[in-house]
Amino acid sequence: DGEDHVDVTVEDKIVMGPDTVVIVTPQEDVHGLTFFARVLTSKTLRIALSGPAPEDIAFGYLVIN
């Protein structure tokens, strides 16, 4: 709520690299905001919104190496 991004730490068995693709899917209404995901480190991805979220929004994600 009120944030425009969240950083997610993935499980130990997942290692992300420069060729990793992350797909995110909102599980709730995103209130007209656009969103994307990007890899920050080998263990962290960021889900970002085009503006502050008016409420908490749950996202599912898929990491493809």
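In case you missed it, the structure is sitting above this.
Now for a description of the structure that goes with this document. Nothing here was measured: the structure is a model prediction, and the numbers come from that model. (Residues numbered from 1 in each chain as written. Predicted model: local features only at pLDDT ≥ 70, side-chain atom pairs only at ≥ 80, totals over all residues. Heavy atoms only, no water.)

1. Here we look at the overall build of the protein chain
What the protein chain contains, in helices and strands, is zero helices and five strands. Tracing the protein chain from N to C terminus, the helices and strands come up as β-β-β-β-β. Burial analysis of the protein chain (65 residues in total) assigns 28% to the buried set. Considering only residue pairs separated by 6 or more positions, the protein chain has 70% of its internal contacts joining residues 24 or more positions apart. Here the protein chain has roughly 4300 Å² of accessible surface; of this, 52% comes from carbon and sulfur atoms. Taking the 4 positively charged and 11 negatively charged side chains of the protein chain as two groups, their mean positions are separated by 12 Å. (Helix = DSSP H or I, 4+ residues; strand = E, 2+ residues; numbered from the N terminus. Buried < 20%, exposed > 50% of the residue type's maximum accessible area, 1.4 Å probe, protein only. Contact = heavy atoms within 4.5 Å. Areas by Shrake-Rupley, 256 points an atom, 1.4 Å probe, with all protein chains shown as cover. Lys, Arg positive; Asp, Glu negative; His and termini not counted. Charge placed at Lys NZ, Arg CZ, Asp CG, Glu CD.)

2. Points about the sheet that holds strand E3 (residues 35-39)
Strand pairing in a sheet relies on backbone hydrogen bonds. The paired strands run either parallel or antiparallel. Ordered by their spatial adjacency, three strands build an open sheet running E1-E4-E3, and the pairing between neighbours is antiparallel. Looking at the sheet topology across the chains shown, the edges are occupied by strand E1 (5-9) and E3. Averaged over all pairs of adjacent strands, the angle between their axes in this sheet comes to 20°, without regard to strand direction. (Pairing = 2+ DSSP bridges. Axes fitted to C-alpha atoms, helices over the stretch in contact; angles between N-to-C directions.)

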